[in-house]
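As a plain string of letters, each chain reads:
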Protein chains: 2
Amino acid sequence: MKVLIVYAHPEPRSLNGALKDLAVTTLEGAGHEVRVSDLYAMRWKSHLDAEDFGASAGPDRLSVVKDSGRAFTEGTQSADIAAEQAKLMWADTIVFQFPLWWYTMPAILKGWVDRVFSYRFAYGVGVHDETHYGDRFGEGTLAGKRAMLSLTIGGMEPHYSDRGINGPIDDLLFPIHHGILYYPGLTVLPPFTVFGSEWMDDDAFGPIRAQWVERLLKLEATDPIPFRRQNFGDYEIPSLRLRPGLERPGAKGFELHAE
Amino acid sequence: MKVLIVYAHPEPRSLNGALKDLAVTTLEGAGHEVRVSDLYAMRWKSHLDAEDFGASAGPDRLSVVKDSGRAFTEGTQSADIAAEQAKLMWADTIVFQFPLWWYTMPAILKGWVDRVFSYRFAYGVGVHDETHYGDRFGEGTLAGKRAMLSLTIGGMEPHYSDRGINGPIDDLLFPIHHGILYYPGLTVLPPFTVFGSEWMDDDAFGPIRAQWVERLLKLEATDPIPFRRQNFGDYEIPSLRLRPGLERPGAKGFELHAE
């Protein structure tokens, strides 16, 4: 495999740093190529603005969609954005390592998504007509590549269970899994989650290490989350509503979109 | 009212900029006090790191929880963080104006949350014992204040409907409404959502303006989302799972947590 690890934590000696380091040594030890985007170490610029689009932005009113698309097409994007897109095209597998902060990714990682996933690269790709609503959700620039989240969560697992007050972790991650990763074509593997990270000591970390190594070594054999493809009959176009009767009995909301 | 508007868009002449300006003039015209945190204009620092905690961070391994809490308690937080916390304490109503990017808020706004919502200010507040799991979800530092999201969405409303491919907009916003706003005590009002913002022209904006003014002028009379309070019998402690039988028939996931 060619693995890109996108890593977002301000402290190298953190649990997230340890999991990232373990991923590098484990994957390289198994003969894979690994590259790391260490967003804090790279001093990654988090906020999207006109500077990202170089000469393509021009003096007129900024349109994030049009200007990012033009900058991508014309090759005037910021060098840091183009470099990350190139890493994504190089990789066949992308691992995201981050702490869950306020129920989603840290700002610096969201800023990686906002800036790297530009129009014409990650969205606004493919034909839009009566039977095909763009190459997305099962098709797209990153189709054929696999992605997985590895995240630490301060709270305890029951708080994120079916009846837990925070909501089920799978539902909290759906906007990332489906909306960010699956949208531009990535195949999404089930996440690796470490609960109770605020109270993690060395004794507790031992089993976590072993579980993480096991997940990493079977990455290629892991079944993905079976999200439905957009353009192959399951959805009405252009409403993009799931056709009646396809769901499991009682299913609703996010769960409609996996088979 | 004393209204704080937290606004996140890189282009002042954008639809978001127009909605923010309209909120200011409408609310001031109705006799309310308004302050605006224009995150792009303020060049808001998006990424949380040790610099946020001043002398409280120290040379040891950074702990986001402990170091942010110590910096808050000792008064060594960055001035920009302290200023935003002071604005929150001044306000009785907080409006967030932003575009939905990749199914959640832009990185710069997430960075406002990550940095301003520090330990001992927004979480880690109150007693933890057998009957009370901290002051949160119905109690907390910001209890008694109201909050509302106002957001623009590039896609069309059916895509965000009950069977829409993106998932229902209420579910996509639950991690913000419940996890970010309700957690530290805010009362959460239903959001103001503008769909199809990518195709918005002046003709289409007319009715939107009228709807936004109407929502703003009845802010004080708007019923909030009826999220369940954590410490008043609905949840088992410490599992924080909803007690059996409290839900509406067939309800599950996020919807369990509103009455």
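The structure this text deals with has already been given above.
Numbering of residues begins from 1 in every chain and follows the order in which that chain's sequence is written. By the order in which they are written, chains take letters starting at A while ligands take numbers starting at 1. Given that this is a predicted model, residues contribute local features only at a pLDDT of at least 70 and side-chain atom pairs are listed and counted only at 80 or more, while totals for whole chains, interfaces and linings are drawn from all residues. Only hydrogens and water are set aside when side-chain values are computed; all heavy atoms of the structure are taken into account.

The aromatic pairing rule takes the rings of Phe, Tyr and Trp, using the six-membered ring of Trp, and pairs them if the centres are within 6.5 Å, calling planes under 30 degrees apart stacked, those over 60 edge-to-face and the rest tilted. Under the defined criterion, the tally for this structure stands at 31 aromatic pairs over all chains. Plain terms: the ring middles of W102 of chain A and F117 of chain B are 5.4 Å apart, the flat faces sit at 80 degrees to each other, and that makes the pair edge-to-face. Separated into two different chains, W102 of chain A in the loop between β3 (93–99) and α4 (107–116) and F117 of chain B in the loop between α4 (107–116) and β4 (146–153) make up a pair that spans both. Side by side, W102 of chain A and F117 of chain B carry an identical accessibility label, which is buried. Secondary structure counts use DSSP, requiring at least four H or I residues in a row for a helix and at least two E residues in a row for a strand, with both numbered from the N terminus. The buried label applies to any residue whose accessible area, calculated with a 1.4 Å probe on protein chains only, is under 20% of its type's maximum; exposed applies above 50%, and partly exposed to all values in between.

On the side of chain B, 70 residues touch chain A, which itself brings 70 residues to the contact. Once two parts are put together, the accessible area they lose, assessed with a 1.4 Å probe and summed over both, is termed the buried area. Across the chain A to chain B interface the summed buried area is about 5,600 Å²; carbon plus sulfur atoms make up 60%. The largest contributions to the chain A side of the interface with chain B come from W102, R163 and I165 of chain A, which together make up 18% of the buried area. Definition used for salt bridges: Asp or Glu carboxyl oxygen within 4 Å of a side-chain nitrogen of Lys or Arg. The interface formed by chain A and chain B includes six salt bridges. Of the charged contacts in the structure, one is a salt bridge between R241 of chain A and D162 of chain B, with a shortest N-O distance of 2.7 Å. Looking at the side of chain A that touches chain B, the elements that each hand over two or more residues are α2 (64–74), α4 and α5 (169–182) of chain A. It is α5 of chain A that provides the largest number of residues to the side of chain A that touches chain B, a total of seven residues. Of the residues that constitute the side of chain A that touches chain B, the class distribution is 36 nonpolar, 17 polar and 17 charged. Whether two residues are in contact is decided by their heavy atoms: any pair within 4.5 Å suffices. Note that Gly is not counted as nonpolar here; it falls among the polar residues with everything else outside the nonpolar set of Ala, Val, Leu, Ile, Met, Phe, Trp, Tyr, Cys and Pro and the charged set of Asp, Glu, Lys and Arg.

Residue and element names in this part refer to chain A. Mapped onto the elements of the fold, D234 is located in the segment after α6 (202–217). D234 sits in the buried class, given a relative accessible area of 15%. Those residues in contact with D234, other than ones at most four positions away along the chain, are R228, R229, R241, L242, R243, L246 and E259.

Another aspect to go through is the environment of W102 of chain A. For W102 of chain A, a relative accessible area of 12% puts it in the buried group. In sequence terms W102 of chain A and P12 of chain A are 90 residues apart; their C-alpha atoms lie 21 Å from each other. For W102 of chain A, the residues in contact, after removing those within four places along its chain, are K110, V113, D114, F117, A122, Y123, G179, I180 and Y183 of chain B.

Turning our attention to the packing of helix α1 (residues 15–29) of chain B against helix α6 (residues 202–217) of chain B. Residues and elements named next belong to chain B. At a minimum axis separation of 10 Å, α1 and α6 run at an interaxial angle of 40 degrees. On the basis of the axis angle, α1 is oblique to α6. Between α1 and α6 lies a crossing of right-handed hand. Residues L15, A18, L19, L22, A23, T26 and L27 of α1 touch α6, and the partners they reach there are F205, I208, R209, W212, V213, L216 and L217. Of the residues assigned to the contact of α1 with α6, the class counts are twelve nonpolar, one polar and one charged. Between N-to-C directions, angles cover 0 to 180 degrees, with each direction set by a line fitted to C-alpha atoms, over the stretch in contact for helices. Each angle gets one of four labels, with under 35 degrees taken as roughly parallel, over 145 as roughly antiparallel, 65 to 115 as roughly perpendicular, and the rest as oblique. Left-handed describes a crossing in which the near helix is turned anticlockwise from the far one by less than a right angle; the clockwise case is right-handed.

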